[in-house]
Amino acid sequence: MLGPVILAASRSDKMRRLVSAAPVTKPVVDRFIPGETVDEVIPIVTDLADKGLEVTLDVVGEDITTPEQATAARDAYLQLVERLKPLGLEGCAEMSVKLSMFGQALDGGHELALANVRPVVEAAAAIGTTVTLDAEDHTTLDSMFAIHDELRKDFPETGCVIQSYLFRTEADARRLAANGSRVRLVKGAYKEPASVAYQDKAEIDKAYVRILKILMAGDGYPMIGSHDPRLIAITQELARRAGRKLEEYEFQMLYGIRGDEQLRLAAEGHRMRVYTAYGTDWYGYFMRRLAEKPANLLFFARSMLTRD
């Protein structure tokens, strides 16, 4: 019952003000969102790289209402590319984008989002890196996949995200694995109806493993978005059975969560990418992370206390 309540709070301006002003909020947020500006996040990127970790960077802020805000989002990513350019981290530092931030939900949103994201993908390719399109709620996915297909015509390294809790995802995974896509598999973070998504955690986990098998057996590049030790172990076994080398798939985890495990996997030779969000509009992103499942409330609090 907590998930829908937290998601509702993520859209409430009143709750945004209350949570943002609470003294306890900042140290929690700082643990998971390391900065509000590109100047603050660049040292984080270099520090993670020095530790053998890779990153995917997300400029937070999906709730836009005007084309001008979509243009500003595009420009924020272009600024990020410019700051990454002299670091020499080709392939180590990529970007993740939500197409809603580029205007997908506005009038003419599909064309607007494609027009705004293309320059970011072009700029990323010019410095030797790439972009992954994040998945949002199920009503946006046909548009996201169509944009992904269009971008891959010129930039085949463009990635996308699929969510195991959706009934459609096994079919999506087969298509993406067959055409050699870079695919991040996650469980899913949006409140979806029972008509399109599994509601039971055990069913979501079973679907995750089925989809993981499809990706590992396919021609693409799987990116395993999970902090679950069991799923990490299953991934390693499925990769072994599929004859995949360590550089032919990667793990991804959120910044601030299971840092020791991230370092352990990297030390074993795995590609370990840290999803690192930054920006001033952190509230919605942070609340959605809490809403993914009720246990996250305790999980985030325990992570902050243990500093693991």
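Residues numbered from 1 in each chain as written. Predicted model: local features only at pLDDT ≥ 70, side-chain atom pairs only at ≥ 80, totals over all residues. Heavy atoms only, no water.

Observations regarding the environment of S195
With respect to the helices and strands, the residue S195 is situated in the loop between strand 5 (182–186) and helix 9 (201–217). Judged by relative accessible area, which is 59%, S195 ranks as exposed. For S195 and F167, which are 28 residues apart along the polypeptide, the C-alpha to C-alpha distance reads 8.7 Å. (Helix = DSSP H or I, 4+ residues; strand = E, 2+ residues; numbered from the N terminus. Buried < 20%, exposed > 50% of the residue type's maximum accessible area, 1.4 Å probe, protein only.)

Overview of the packing of helix 5 (residues 67–84) against helix 6 (residues 109–126)
The geometry of helix 5 relative to helix 6 is characterised by a closest axis approach of 9 Å and an angle of 5° between their N-to-C directions. Considering the angle they form, helix 5 stands roughly parallel to helix 6. Contact residues: helix 5 offers A70, T71, R74, Y77, L78 and V81, while helix 6 offers N116, P119, V120, A123 and A124. For the contact of helix 5 with helix 6, a count of residues per class yields eight nonpolar, two polar and one charged. (Axes fitted to C-alpha atoms, helices over the stretch in contact; angles between N-to-C directions. Parallel < 35°, antiparallel > 145°, perpendicular 65-115°, else oblique. Contact = heavy atoms within 4.5 Å. Nonpolar A, V, L, I, M, F, W, Y, C, P; charged D, E, K, R; others polar.)

Structural notes on the sheet that holds strand 5
With respect to topology, eight strands assemble into a closed barrel ordered 1-2-3-4-5-6-7-8, the strand pairing being parallel. Put simply, the sheet's adjacent strands are angled 30° from each other on average, direction ignored. Each of strand 3 (131–133) and strand 4 (159–163) is contacted by helix 7 (residues 141–152), which is oriented at about 155° to strand 4, the strand it contacts most. (Pairing = 2+ DSSP bridges.)

As for the packing of aromatic side chains
If you walk through the whole model with that rule in mind, you get three aromatic pairs. Judged by centre distance (5.7 Å) and plane angle (35°), the rings of Y77 and F102 are tilted. Of this pair, Y77 sits in helix 5 while F102 sits in the loop between strand 2 (93–97) and helix 6, placing them 25 residues apart in sequence. Across the pair, exposure class does not vary: Y77 and F102 are buried alike. Relative to Y198, the ring of F167 has its centre 4.8 Å away and its plane inclined at 80°; by these criteria the two rings are edge-to-face. Here the residue F167 occupies a position in the loop between strand 4 and helix 8 (169–178), and Y198 occupies one in the loop between strand 5 and helix 9, the gap between them amounting to 31 residues. By relative accessible area, F167 is classed as partly exposed at 40%. Judged by its relative accessible area of 22%, Y198 falls in the partly exposed class. (Phe/Tyr/Trp six-rings, centres within 6.5 Å; stacked < 30°, edge-to-face > 60°.)

Describing the pairing of strand 8 (residues 271–278)
The buried count for strand 8 comes to seven of eight residues, which makes it a mostly enclosed element. Bridge count between strand 1 (residues 54–59) and strand 8: six bridges; the pairing is parallel. Counted as the bridge partner of E54 is R273 from strand 8. The pairing of strand 7 (residues 250–254) with strand 8 spans five bridges and is classified as parallel. Looking at the pairing, L254 lines up with Y275 of strand 8. For the handedness criterion, the β-α-β arrangement of strand 7, helix 11 (residues 259–267) and strand 8 is classed as right-handed. (Right-handed = clockwise from strand over helix to strand, strands pointing away.)

Some words on the side chain of T276
Position of T276 among the secondary structure elements: in strand 8. For T276, a relative accessible area of 1% corresponds to the buried category. Dropping the residues within four chain positions of it, T276 is found in contact with P34, V41, I44, L48, V55, T56, L57, D58 and Y255.

Focus on unusual backbone geometry
If you check the backbone angles, R258 has positive phi at about 55° while not being a glycine. Mapped onto the elements, R258 comes out in the loop between strand 7 and helix 11.

Points about helix 9
For helix 9, built from 17 residues, the straight-helix expectation of 24 Å at 1.5 Å per residue is met to within 8% by its first-to-last C-alpha distance of 25 Å. Every buried residue belonging to helix 9 is among I204, D205, A207, Y208, V209, I211, L212, I214, L215 and M216, and all of these are buried. Structurally, helix 9 contributes buried residues whose contacts are with strand 4, helix 8, strand 5, strand 6 (221–225) and helix 10 (229–241). Among the residues of helix 9, the N-terminal cap falls to D200, whose side-chain oxygen and the backbone nitrogen of A202 are separated by 3.1 Å. (Expected span 1.5 Å × (residues − 1). Polar contact = N/O pair within 3.5 Å; in protein donor to acceptor, adjacent residues only side chain to side chain.)

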